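Structural features, examined
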Amino acid sequence: MKVTKQILALVLVIGIFAAFNFCIYELLTRRLSGNFSDTTQAKQIDVGAYLPFDENSNIVKVETDLHLTDDLPVLDGAAALFPVYSAVVNALYPAESVTYEGGSFSDDNYYGENFAPDSAMQYKNTVRGYKAIVDGETDILFCAAPSAEQTAYAEELGVELVYVPIGLEAFVFFINSENPVENLSVDEVRAIYAGNIQNWRDIGGTDRVINPVTRLSGSGSQSAMDAFMGETPIGGKSLLAVTGGAIGFSFRYYLDDLVDNANVKMLSLNGVYPSKENIRNRTYPIVAQFYAIYRNDNDNPNIPVVIDWLLSQEGQTLIEESGYTGIQ
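1. Some details on the pairing of strand S9 (residues 287-295)
In this structure, strand S2 (residues 140-143) lies alongside S9, joined through three bridges in antiparallel fashion. Counterpart to phenylalanine 142 in the pairing with S9 is alanine 292. Strand direction decides the pairing type here: strand S3 (residues 161-176) and S9, joined by nine bridges, are antiparallel. Pairing of leucine 168 across the sheet is with glutamine 289, part of S9.

Here's what the structure looks like:
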């Protein structure tokens, strides 16, 4: 009799634990699996893989007769455009123009800390890069369009910036590769980020809360998102969003070529996929220009030389082969 009671008690305990674990799985584990919210956050470019004057570099190497030796414009830019302006330096500048603190590149150089102050190439990314171009620390900035705050900062200091379009790129939205949704309309995306659509089932997906992820204010992608939303403010999201399936945004090249995460997929918008051909023919709904930016009062004689070269056949070939779409 005593043994029977012990067995029943053991079975009851096991049953309670099994029921508890099942509830945890249903409420949290199953919903959090594949949430991939971290995938939508900014990923660091492997700067060391795209350095100039390195035979193992992944940059595009273009042969040209133009070689600058003096009055070298200091180049800086966004993470997604680092391979482009690194390739420009490699094509036009002498090797000794790129210097590092300590004498060599450091693998933990996530934000350009290791580029020496006298280096003709810097890497401050978008937020610090816009400040540097306005403050006169950089001569040419490779970036997407500025945020309202970045524009205001230049105006406050009385600085006029010149924006020269040098290429095209798609602004894209991406989700977990296991999410069945393949296409959204631009109105649906705006409704998601405005907080008006909060469940994937309402737009062809499974019954799961949507977690719309944003980026750092002033970053190139967040500025592009703000422009995309227009007068529609980004709203609050469900309190259960962290347990749901995320949607994020970025530029196609950064997501497809630099981050290269097989766990996410880019969405078609209005039925059009963000391929290079659809960027070129402008059928994809959100095609953005990226720029070579300089101060209008900068009298460095080689700034127009570099920009004219970027718009030449050689420069446009560099941009195309780097993975972007040329402006011409």
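2. Some thoughts on the nonpolar core
Counting residues in each nonpolar core, the largest one holds 48 residues, and the members touching the most others are Phe82, Tyr93, Phe115 and Phe142. The set of elements that each furnish at least two residues to this core consists of helix H2 (82-92), S2, S3, helix H7 (252-259), S9, helix H9 (303-310) and helix H10 (313-321). Top element by residues in this core is H2. It accounts for eight residues. Beyond its immediate stretch of four places on either side in the chain, phenylalanine 142 contacts Leu75, Asp76, Gly77, Ala78, Leu81, Val84, Tyr85, Ile166, Tyr291 and Leu310. Counting residues in hydrophobic clusters, the runner-up holds 35 residues, among them Ala170, Ala191, Ile192 and Leu255.

3. Some details on the side chain of aspartate 139
Examined against the element boundaries, aspartate 139 turns out to sit in the loop between helix H3 (125-135) and S2. Engagement of the side chain of aspartate 139 in a polar contact is seen with the backbone nitrogen of valine 74, the distance being 2.8 Å. At 2.8 Å, the side chain of aspartate 139 and the side chain of asparagine 298 are in polar contact. Those residues in contact with aspartate 139, other than ones at most four positions away along the chain, are Leu72, Pro73, Val74, Ile133, Ile293, Tyr294, Asn298, Asn300 and Ile303.

4. Regarding the environment of aspartate 71
Checked against the element boundaries, aspartate 71 lands in the loop between helix H1 (2-32) and strand S1 (75-77). Taking the relative accessible area as the measure of exposure, aspartate 71 reaches 48% and is therefore partly exposed. Taking the C-alpha atoms as reference points, aspartate 71 and isoleucine 303, separated by 232 residues in sequence, lie 9.0 Å from one another. Excluding anything up to four places from it in sequence, aspartate 71 contacts Asn300, Pro301 and Asn302.

5. A look at the pairing of strand S6 (residues 245-251)
Every other side chain in a regular strand lies on the same face of the sheet, so the side chains alternate between the two faces. Burial analysis of S6 places seven of its seven residues in the buried class, which makes it a mostly covered element. Taking every second residue as pointing to the same face, both faces of S6 are buried, with Gly245, Ile247, Phe249 and Phe251 on one and Ala246, Gly248 and Ser250 on the other. Pairing geometry for S3 and S6, over five bridges, is antiparallel. Its bridge partner lying in S6, valine 172 is registered against serine 250. Of the pairings in the sheet, the one linking strand S5 (residues 210-212) to S6 comprises three bridges and is parallel in character. Across the sheet, residue proline 212 finds its bridge partner in S6, namely isoleucine 247.

6. Quick notes on the environment of leucine 92
As for its placement among the helices and strands, leucine 92 is situated in helix H2. On a C-alpha basis, the gap between leucine 92 and valine 306 in space is 8.3 Å, while along the polypeptide they are 214 residues apart. Here leucine 92 is in contact with Thr64, Leu66, His67, Leu68, Val306 and Trp309, once residues within four sequence places are set aside.

7. What about the pattern of salt bridges?
In the structure shown here, the tally under the stated rule is 10 salt bridges. Put simply, lysine 265 and glutamate 182 hold a salt bridge, and the shortest N to O gap is 2.8 Å. A residue pair is termed long-range when its members are at least 10 positions apart, and lysine 265 in strand S7 (residues 264-266) and glutamate 182 in the loop between S3 and strand S4 (183-184) qualify at 83 residues. Its salt-bridge partner being arginine 280, residue glutamate 277 comes within 3.9 Å of it at the nearest N-O pair. Residue glutamate 277 and its partner arginine 280 are both found in helix H8 (residues 276-280); the two are separated by three residues, about one turn of the helix. Taking relative accessible area as the criterion, arginine 280 reaches 40% and is therefore assigned partly exposed. Bridged by salt links that share partners, the residues Lys276, Glu277, Arg280 and Glu320 form one connected network.

Conventions used here
- Residues numbered from 1 in each chain as written.
- Predicted model: local features only at pLDDT ≥ 70, side-chain atom pairs only at ≥ 80, totals over all residues.
- Heavy atoms only, no water.
- Pairing = 2+ DSSP bridges.
- Helix = DSSP H or I, 4+ residues; strand = E, 2+ residues; numbered from the N terminus.
- Core = buried A, V, L, I, M, F, W, Y, C linked by side-chain atoms within 4.5 Å.
- Buried < 20%, exposed > 50% of the residue type's maximum accessible area, 1.4 Å probe, protein only.
- Contact = heavy atoms within 4.5 Å.
- Polar contact = N/O pair within 3.5 Å; in protein donor to acceptor, adjacent residues only side chain to side chain.
- Salt bridge = Lys/Arg side-chain N within 4 Å of Asp/Glu carboxyl O.

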